[in-house]
Every structure is written in C-alpha cells, then in structure tokens.
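Notes for the structure review
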Amino acid sequence: MGYWIPQTSFRWFFKKYLSVIIAIAALAVVVGSVSGYATYILSTASSNITTKDCIQVSAQLSAELDICKSNLEMLSEFANGTQDKLVVCDLNKLELEEEISEYKNQIERLRSDLTSCEFDISNWMAQVDKLMSEVNELESKLAAAQEEYDSLSANSAKSICCAQKIYNPNLKYYYVESNTIKCTTEANDELGTKEFSCF
C-alpha cells in the first residue's frame with residue numbers, strides 16, 4: 001500500500017506557477033514602460049514653460065481668485081440682504097393678512113347692521129305710509145269741515161249782516177271773531193274780512 005507524499009521542492013513549485021510568475025513580470029514591465037513614457041512626456045512639456053510664464057499664470061490666477069472672492073462676498077451680501085428683505089416681507093404679509101381679516105370681520109358686521117337697518121327702514125316706511133294715509137284722510141276731512149264752516153259762516157253772515165245793513169247801509173264785509181260773525185264797512189287783511197251779498 002502506497003502513501004501520497006506532497007512534492008514540496010522549489011522546482012516543483014516553480015514549474016507549477018511559472019505561467020503566473022511570467023504574467024506578473026510582463027505586467028510589471030508594461031507598467032514601468034508606460035510610467036517612464038509618461039514621465040518623459042511631462043518633463044518634455046514642462047521644459048517649455050518658463051519661470052516668467054509661471055509667474056504670469058500665477059498672477060492671473062491670483063487676480064481671478066480675488067475677483068471670485070469679491071463676487072462671492074457680493075453674492076453673500078446680496079443673499080443676506082435678500083433674506084432680510086424676505087423676513088420683512090413675511091412680517092408685512094402677516095400684518096396685512098391680519099388687517100384683511102379684521103376688515104373682513106368689519107365688513108360682515110356692517111353687512112349685518114345694514115340688513116338690520118334695511119329691515120327697520122322697511123318697517124318705518126310702512127308706518128310712514130300708514131301715517132301719510134291717515135294725514136291725507138284728516139286733511140280731506142279738514143278741507144270738508146273748512147268748506148262746511150265757510151259755507152255756514154257765509155250763510156250766517158248773510159243773514160246777520162243783511163239784517164244790520166238796514167240800519168247801516170255801508171256794511172259790505174264780515175269776519176269771524178270768537179265764533180261770532182262781525183259786520184264791517186272796510187276790508188281788513190289782518191281780520192280776514194270777506195265780502196257778503198244780500199241778493
């Protein structure tokens with residue numbers, strides 16, 4: 001019966017991993033070549049740049065950097081100012097919203113008051129119409145009474161003054177004083193005299 005003895009010699013290891021070692025070596029050669037070529041290209045390009053060029057480029061970059069810093073500061077100030085304005089605008093907006101809300105409440109109250117006033121005016125107008133109707137009726141009655149009174153006064157004056165005219169032919173007018181017929185010979189506006197006729 002045989003036993004398996006592992007082959008641990010260097011030769012066996014070298015043979016077994018020869019292809020891997022060759023691949024790694026080839027990769028190292030290629031990387032080194034590329035790195036060297038890149039270094040050569042960079043050194044060749046950099047040799048054409050003078051110190052003066054570097055100073056000019058550095059100065060130009062420094063100036064542009066200063067401009068960028070200045071613009072950045074201006075933008076920062078503008079942003080801060082804009083933010084402050086936004087805060088003020090928000091506060092003003094809140095105040096205006098509160099005022100608008102108060103105005104709306106006042107308008108609603110005024111509308112309610114107006115509706116109540118319109119209702120009261122409608123009732124008052126109905127009462128005024130009723131009173132005007134009563135006044136017109138009373139005026140009609142008063143006019144009729146006045147006409148009746150004037151007719152009665154004229155008839156009474158005709159009877160009374162015509163009887164007195166027998167004794168005083170100059171009597172031509174009459175007026176009423178304390179519900180009494182007075183006969184007179186002259187017209188008098190203050191007494192409200194009226195002319196009578198016996199015919």
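Scoring rules and cut-offs
- Residues numbered from 1 in each chain as written.
- Predicted model: local features only at pLDDT ≥ 70, side-chain atom pairs only at ≥ 80, totals over all residues.
- Heavy atoms only, no water.
- Helix = DSSP H or I, 4+ residues; strand = E, 2+ residues; numbered from the N terminus.
- Buried < 20%, exposed > 50% of the residue type's maximum accessible area, 1.4 Å probe, protein only.
- Pairing = 2+ DSSP bridges.
- Disulfide = S-S within 2.5 Å.
- Polar contact = N/O pair within 3.5 Å; in protein donor to acceptor, adjacent residues only side chain to side chain.
- Contact = heavy atoms within 4.5 Å.
- Core = buried A, V, L, I, M, F, W, Y, C linked by side-chain atoms within 4.5 Å.
- Patch = residues over 30% accessible without salt bridge, like charges linked within 9 Å, V, L, I, M, F, W, Y side chains within 5 Å.
- Areas by Shrake-Rupley, 256 points an atom, 1.4 Å probe, with all protein chains shown as cover.
- Salt bridge = Lys/Arg side-chain N within 4 Å of Asp/Glu carboxyl O.
- Lys, Arg positive; Asp, Glu negative; His and termini not counted.
- Charge placed at Lys NZ, Arg CZ, Asp CG, Glu CD.
- pLDDT = per-residue confidence, 0-100.

As a rule of thumb, non-glycine residues mostly have phi less than zero, and peptide bonds are mostly trans rather than cis. With phi around 55°, Ser-178 is a residue other than glycine that occupies positive phi space. Tracing the chain through its elements places Ser-178 in the loop between β1 (173-177) and β2 (180-184). For Ser-178, a relative accessible area of 67% puts it in the exposed group.

Turning next to the sheet that holds β2. Taken in spatial order, the three strands line up as β2-β1-β3 in an open sheet, and their pairing is antiparallel. Unpaired on one side and paired on the other, β2 and β3 (194-195) mark the two borders of the sheet. As defined by bridge partners, β1 adjoins β2 across five bridges and the pair is classed as antiparallel. In the sheet register, Val-176 faces β2, and the bridge partner there is Ile-181.

Here the structure, examined in full by the defined rule, presents two disulfides. Bridging Cys-161 to Cys-183, the disulfide has an S-S length of 1.9 Å. Residues Cys-161 and Cys-183 share a disulfide whose torsion about the S-S bond is about -95°; that sign makes it left-handed. Here Cys-161 is found in helix α3 (residues 51-165), whereas its partner Cys-183 is found in strand β2, with 22 residues between them in sequence. The exposure class of Cys-161 is buried, given its relative accessible area of 0%. Linked covalently through their sulfurs, Cys-162 and Cys-198 form a disulfide whose S-S length is 1.9 Å. Where Cys-162 bonds to Cys-198 through sulfur, the torsion about that S-S bond is close to -110°, and the disulfide is left-handed. With a gap of 36 residues between them, Cys-162 in helix α3 and Cys-198 in the segment after β3 connect regions that are remote in the sequence. Looking at Cys-162, the relative accessible area reads 17%, which means it is buried. The disulfide pattern of the protein chain is 1-3, 2-4 when the bonded cysteines are numbered in sequence order.

This paragraph deals with the side chain of Thr-193. Its location among the elements puts Thr-193 in the loop between β2 and β3. A distance of 2.8 Å separates the side chain of Thr-193 from the backbone nitrogen of Asn-188, its partner in a polar contact. Look past the residues within four positions of Thr-193 in its chain and what remains in contact with it is Tyr-173, Tyr-174, Tyr-175, Thr-184, Glu-186, Ala-187 and Asn-188.

Moving on, we get to the nonpolar core. Counting residues in hydrophobic clusters, the biggest one holds eight residues: Ala-157, Cys-161, Cys-162, Leu-171, Tyr-174, Ile-181, Cys-183 and Phe-196. Sorting the residues of this core by element identifies α3 and β2 as the ones contributing at least two each. Looking at this core element by element, the count peaks at three residues for α3.

Together, Glu-95, Glu-97, Glu-98 and Glu-99 make up a region of like negative charge exposed at the surface. Within the secondary structure, Glu-97 sits in helix α3.

Right, let's talk about the confidence of the model for the protein chain for a bit. The predicted model of the protein chain averages 77 in pLDDT, with 72% of residues at 70 or higher. Here helix α1 (residues 10-16) stands out as the element of the protein chain with the lowest mean pLDDT, 49, in contrast to β1, whose mean of 92 is the highest. When the criterion is pLDDT under 50, residues 1-8 qualifies, and its contacts beyond four places in sequence or with other chains add up to one contact.

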